[in-house]
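# Observations on the three-dimensional arrangement
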Amino acid sequence: MDRPTASLVLLLLGLFAIVAVSQSSSQATREKTRGRHTGGGGFGGGQRTRDREAYDGGVCELEISCRGGGGDEGGNLSTPVKLPIRGPRGPAGHPGEKGDRGNDGLPGYHGAPGLPAPSQKRVAFFAGLTVNFGPVTEHTDIVFDRVITNVGSGYSPLTGRFTAPVNGVYQFNVIVSAQGKQKAAVMILKNGEMVATVWAESIPYWATSSNIAVLSLDRGDQVWLLLLTRASYLHGFMYTTFSGFIVFEH
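Rules used throughout
- Residue numbering note: each chain is counted from 1, following its sequence as written.
- Under the rules for a predicted model, residues below a pLDDT of 70 receive no local features and side-chain atom pairs below 80 are neither given nor counted, while totals for whole chains, interfaces and linings still include all residues.
- In computing side-chain values, all of the structure's heavy atoms are included and hydrogens and water are not.
- We call a set of buried Ala, Val, Leu, Ile, Met, Phe, Trp, Tyr and Cys residues a nonpolar core when their side-chain atoms join them within 4.5 Å.
- Each residue is assigned to one of three classes by its accessible area relative to the maximum for its type, calculated with a 1.4 Å probe on protein chains only: buried under 20%, partly exposed between the two thresholds, exposed over 50%.
- Runs of H or I in DSSP of at least four residues are treated as helices and runs of E of at least two as strands, each being numbered from the N terminus.
- Note on contacts: a residue pair qualifies if any of its non-hydrogen atoms lie within 4.5 Å across the two residues.
- Scored from 0 to 100, pLDDT reflects the predictor's confidence in each residue.
- For two strands to be treated as a pair, DSSP must find at least two bridges joining them.
- To get an axis, fit a line to the C-alpha atoms, keeping to the stretch in contact for a helix; angles then go from 0 to 180 degrees between the N-to-C directions.

### Points about the nonpolar core
In terms of nonpolar packing, the biggest core is built from 31 residues, with Tyr170, Phe172 and Phe242 touching the most fellow members. Every element with two or more residues in this core is listed here: strand E3 (124–128), strand E7 (168–177), strand E8 (183–190), strand E9 (193–201), strand E10 (208–217), strand E11 (222–232) and strand E12 (241–249). Looking at this core element by element, the count peaks at four residues for E7. When near neighbours in sequence (up to four residues on either side) are disregarded, Phe172 contacts Phe125, Phe162, Asn211, Ile212, Ala213, Leu215, Leu217, Val223, Phe242, Ser243 and Gly244. The next biggest cluster of nonpolar side chains, apart from the first, holds seven residues, and it includes Trp224, Leu226, Leu228 and Ala231.

The following block contains the structure:
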């Protein structure tokens, strides 16, 4: 056995002896204290019991590093020696005060661009009479012979009817002019049902009347004008017109 190893063994034996004496003395002291407070049921006995339970649950450790002699290049032994002499864990301390607010972090990356908004269907038309129309002997659909605007192809120059290409709210404008010293009455129809009427009388002077209808239409609904027999003298030359456009889709 070389000299460093022998010194280490002697040191360990000495520490074991110290620990054994210390534990025996502590055990005797605790037994004496427990005997003094046993049966009292008071605060002291309960406190000593709790201290004993807290101590019995702990693990004692001691780490020793030896220098000089053998071992690694620095003269240290490669394996530390541990002895069970670590005391029990103490109670947790009080929480500390709240610290100052930290600095703001770096800004994040820009997100991907959003999807474009859906485009609204464009619908608008404008048509008029270039010649006088009437009189008639029965209620008659008015077919306007001149179509100036027909965005979306909603108005049919063959039938005179507007067909909604999409669901939405539409506005229709009707202007009616009566022939000289005559009357003209036009009814606005939605799918064959009356919505409004426009009445014009050129008596004693020439006159023009107008009306507006704002309608909620589903795709395929139709709107057109009907000339009534009791006042069927429409004045042409683009004085009598029919127009409309979509306000918004729904």
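### What to know about the confidence of the model for the chain
The pLDDT averaged across the chain works out to 81; a share of 66% of its residues lies at or above 70. Low pLDDT, under 50, characterises residues 35–55; the predicted model gives this stretch 12 contacts beyond four residues in sequence or across chains.

### Brief notes about the environment of Glu138
Topologically, Glu138 is positioned in the loop between E3 and strand E4 (140–141). Residue Glu138 is classed as exposed on the basis of its relative accessible area of 56%. Considering only alpha carbons, one finds Glu138 and Thr229, 91 residues apart in sequence, at a separation of 5.4 Å. When residues no more than four places from it in sequence are discounted, the contact partners of Glu138 are Leu227 and Thr229.

### Observations concerning the environment of Thr208
Considering the arrangement of structural elements, one finds Thr208 in strand E10. When the C-alpha atoms of Thr208 and Val176 are compared, they prove to be 5.7 Å apart, with 32 residues separating the residues in sequence. Every residue in contact with Thr208, bar those within four places of it in the chain, is listed here: Ile175, Val176 and Ser177.

### With respect to the sheet that holds strand E5 (residues 146–151)
Pairing is antiparallel in the open sheet, where five strands are placed in the order E5-E3-E12-E7-E10. Here the strands that pair on one side only, and so sit at the sheet edges, are E5 and E10. Taken pair by pair, the neighbouring strands of this sheet meet at an average axis angle of 10°, ignoring direction. Bridge analysis of E3 against E5 gives five bridges, and the strand direction is antiparallel. Bridge assignment links Ala124 to a residue of E5, and that residue is Val151.

### Points about unusual backbone geometry
With omega at 5°, the peptide bond leading from Gly134 into Pro135 counts as cis. The residue Pro135 is located in the loop between E3 and E4 in this model. Across the junction of Ile203 and Pro204, the peptide omega takes the value -5°, indicating a cis bond. For Pro204, the position within the fold is in the loop between E9 and E10. Positive phi, close to 55°, is recorded for Ser153, a residue that is not glycine. Within the secondary structure, Ser153 is located in the loop between E5 and strand E6 (162–163). Residue Ser153 is classed as exposed on the basis of its relative accessible area of 61%.

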